[in-house]
Amino acid sequence: MADASKYRDFFPPKNPDGTNIIDLESHKFVKIWQGPQHPGITGNMSLELIIQGDEVMECKTHVGYLHRGFEKLMERRKFIQCFPLVCRIAVPEPDFNEYCFAATVEELAGIQIPEAAVWMRTLILEMSRLTSFLMHLGGQSGAFGLGVVAQWTNYVRDLMLDRFEEISGGRIYRMHMPPGGVRGLTPDGFDARMEETLRTIEDVMKDVDTTLFNNAVFKRRSVGLGYIDPAWVDLYGITGPNARAAGVPKDVRKDYPYLKYPELDFDVITATDSDIYTRTDLRRREILLSIDLIRQILVKMPKTGEYMAKMPNVLHWQIPKGETYIRSECTRGEYGFYTVTDGSGYPRRVNVRGPSYTHAVALMERMAIDCNIADTAGLMLSLHTYPPEIER
Amino acid sequence: MRLKDVLSPFLAWKNLFREPVPIKDPVNRQAAPRYRGFHVNDMDVCIGCGTCESICQNAAIDMVPVEGIETTREDSGLRPRIDYGRCCWCALCVDICTTGSLTMSNEYQWIDTDPEVFRFIPGADGKPWDKRELGYRKPDNYELYNTERTPMPELAPEDRDKSFIEIVRGYSKEQAIREADRCVECGICIATCPAHMGIPQYIAAVRKNDMEEALRVLYETNPLPEVCGRVCTHKCETVCSMQYKGDPLSIRWLKRYIADQVPLEKYKEILAADGFEQKDKKVAVIGAGPGGLSAAYYLANLGYRVNVYEALPEPGGMTRYGIPEYRLPYDPLDKDIEYIRSLGVKMHFNTRVGKDITLEKLHADHDAVFAATGLHLGRSTRVDGTDHPRVFQAIDLLRKVTEGKEIEVAEKIVVIGGGNVAMDIARTLARLQNRKYGKVGITLTSLETEDIMPADREEIVESREEAIRIEPGWGPQSIEIVNDKIRGLKVLRCLSVFDENGRFSPRFDKDETNFFEADMVVEAIGQGMDITYIGEAFGKELALTEQRKIKVDAFCQSSLPWLFVGGDITGGTDAITAIADGHRAAKGIDKYLNRET
């Protein structure tokens, strides 16, 4: 197992006698800041880099530019009022927050949500995964200078947002999963429009295949870069595609089945090379898997029926003392909410476990070393992180 | 690296030969039918309950007064103003809106250079999307609160029709908390309650199972919670915002629940009734009904020495002598009164002012006098035959039943009247008939049709359950008497009760008649007051209103500064109004006695 401590204690790293390993006074090195408007991330985050030539010698991550204190805000809000708040913790895929928060509250309050609501939640989560991956794929190619793919994927992502708008009335923040169920089932004719959108996405993915994955530039820059050692997976708490691309079949949908995933037919996607190219390719396969899962869900899910449990008055909703952790597989790995209640009308403590924290901070600091300064953006993107979730 | 990898990216150039596709027209784009756009508020439906403001986690909603919207009994007069700089479009306000007036339009965009315009009152500040039919509406399938009332356990008709046992059994703790949970704390009920009781506060205390706090809230405005918890006319429930999507809250039963939970011995401690400063001033209260008791309680709390003079042998007034035991048993009534007496209020029973003691003497011995003598004289229809000895006044019969005296019970009885007193006497007589004859033979007839009968709806339903025949919409014409025996009541179809100005002026259809067989008739068409005790000397100085009632100000003070008057004789219609009058009079007397001279 690799020794991570060396990279964590001090910055710049020091020798046992207290002197800096990298002697900035020697004029061989330059310390620069990348960010907080960083091309490698959806949001704001900085890298403090020590470079020699164009090679990164040391890296320190700086977060906090998007800190809004969600966890603390939630302690001051009634349970129902937390519902519109949590979606903001991960903007490109808010639904995982909604699901995890609602599920913790439901578990602690002892609420069983109706069958149709469970299906609906599964559908929304899968649509959200697809939408988020599309956005990421554009970013990943853009970071290596291939802007056209980003335009294509954002176009089809917009079509997905239209589908969300139909279901929930919201495009970015869907706010469709309050504790207790969902706010509505799919509207009339939704399946046909969804199918049309999925076909368009499949067509675009074929183009992406030829322009990105069979692209000399992309291959030259991404193959072999950003290697994640499978041994780091446990060391850094790596989950999701980053772990799966390293050959570790971690997927909450299979490992800790939730919602309707046990009733869906799919296999965990893994790869072995664990570099940026492999991870991007794995996400491409994830997109295709999500498309398949959405089709499966639409066939199986009920189109009518109850979708909200009978609720007490949410204005005075008090939830018995307890604590629970609910996890789900988001696009970037394990996403979890740890909620503690004390019997009052407010959550006592909510802790959001997002994969970005481990991926973007500790892992990034480790991986940036020896990387070319031009590749840091591509490297960060290949870890697929969202800052608001780091500093929730 | 393969050659293909170099060449295949150029396939992107194939798009050069495609038609450029504008995906969406950003200006004329139609948003989805469920789109959560700018709010729309139906001004006529909105009652200004402010629940939207309560649930908004961004504090984007303020309830503000709007020109042209009047504050009424069921409308706070306020409307939500939404600050779109704060709004996050979560639509929880739409979901919880108690009336369903608040919705969202599917307007996709609105551009303006002035940031101030993005804070407006939907509905009041006209917007182009106000008439949009599409947009987010709360789905019908769910509610964010319980719309159904917790049913009150009651005795079944067959278990109650012979006895005077209280019909309503009261909520259990779980039932009370469940019912209290439904309250959204809009507070519209407070304004409607004549006593302006802190209804949301005591309901909140029930929710927290804090009976002591609940009792404190009750006694701030109402010293007869056991009574009001049973027989209040609960005007609060008629305006409860819960009624728009379901049943109004059982506010009355929750009050009863609170009062029933706390034993009398703990009252003094909970209400911190010991040790208030005693004043060296005396106040006389005429009548130990709800008004008098209420005034006595608040005066005693202010430290005055209070003497209550009551003509009847026991306190309670109409609540004891008018309301039957199955609605208000004597024990809870005594509990309320006992607490008031424990504060040092002296009660003089069987002392009719004007006969046993004069008002002049009360005036001489006391610094102020509060009169709340109620309406104890039955009114007659004065149709032919009402002078027959078997024609009775409901109020007299009810008093006799309370006093434990035998009353005449015939096999077939007609009760004239559509109010709660008529129901009370009909149901009392039905019980006595059941005991005596084993069956009920009562016809209740009223001028009003059933939809406008002044009696409580539940009284009408329960009367029917107890086999009373209700014949609304008939006007009594004469009592048919043959050989000095009553045969029955002749009636005419009543077309309308009030004229266009809302004044009592019944119109009849002479061609449509009916005859209700009976050998006894009871009149329950209202009561009059007896204020002869005021006497000529004071009477001359006393200003009267157009309706020949004693004129009083907001503190129940009459034109004789030392004389305060309240309750039914100044126009109140129920116990809670009398209680409110008593409270106001106590404040008025305190003000009067502490005036700067």
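Being a predicted model, the structure only gives us computed values, none of them experimental. (Residues numbered from 1 in each chain as written. Chains lettered and ligands numbered in written order. Predicted model: local features only at pLDDT ≥ 70, side-chain atom pairs only at ≥ 80, totals over all residues. Heavy atoms only, no water.)

So, about the domain arrangement of chain B. All names here are of chain B. The domain architecture assigned to chain B consists of domain 1 (39-131), domain 2 (157-269), domain 3 (277-375 + 531-593) and domain 4 (377-527). For domain 1 and domain 2, the distance between their C-alpha centroids amounts to 32 Å. Domain 1 puts twelve residues into the contact, and the matching count from domain 2 is eleven residues. On the surface where domain 1 and domain 2 come into contact, there are zero salt bridges. (Domains from an automatic or database assignment. Contact = heavy atoms within 4.5 Å. Salt bridge = Lys/Arg side-chain N within 4 Å of Asp/Glu carboxyl O.)

Once that is clear, we can look at the environment of M63 of chain B. All names here are of chain B. Here M63 lies in strand β2 (residues 61-65). Accessibility expressed as a relative area gives 14% for M63, which makes it buried. Separated by 84 residues in the primary sequence, M63 and T147 place their C-alpha atoms 24 Å from one another. Here M63 is in contact with G48, C49, G50, C52, E53, L78, R79 and P80, once residues within four sequence places are set aside. (Helix = DSSP H or I, 4+ residues; strand = E, 2+ residues; numbered from the N terminus. Buried < 20%, exposed > 50% of the residue type's maximum accessible area, 1.4 Å probe, protein only.)

In this assembly, 48 residues from chain A lie in contact with 47 residues from chain B. Interface area, chain A with chain B, both sides summed: about 3,700 Å², of which 51% is carbon and sulfur. Considering only the surface of chain A that becomes buried against chain B, R183, L315 and H316 of chain A emerge as the three largest contributors, covering 18% of it. Salt-bridge contacts for R29 of chain B lead to D162 of chain A; the nearest nitrogen and oxygen are separated by 3.2 Å. On the surface where chain A and chain B come into contact, there are 27 residue pairs in polar contact (both at pLDDT 80 or more). Contributing elements (two or more residues each) for the side of chain A that touches chain B: α2 (79-86), α5 (147-168), α6 (190-213) and α7 (216-222) of chain A. With nine residues, the single largest contributor to the side of chain A that touches chain B is α5 of chain A. Looking at side-chain class alone, the side of chain A that touches chain B contains 20 nonpolar, 14 polar and 14 charged residues. (Buried area = accessible area lost by both parts, 1.4 Å probe. Polar contact = N/O pair within 3.5 Å; in protein donor to acceptor, adjacent residues only side chain to side chain. Nonpolar A, V, L, I, M, F, W, Y, C, P; charged D, E, K, R; others polar.)

Let us look at the pattern of salt bridges. Residues and elements named next belong to chain B. All chains considered together, the criterion is met by 82 salt bridges over all chains. In this structure, R431 engages E466 in a salt bridge whose closest nitrogen and oxygen atoms are separated by 3.0 Å. Residue R431 is located in helix α18 (residues 420-437), and its partner E466 is located in the loop between α19 (457-465) and β14 (469-472); the two are separated by 35 residues in the primary sequence. Judged by its relative accessible area of 0%, R431 is buried. For E466, a relative accessible area of 2% gives the class buried.

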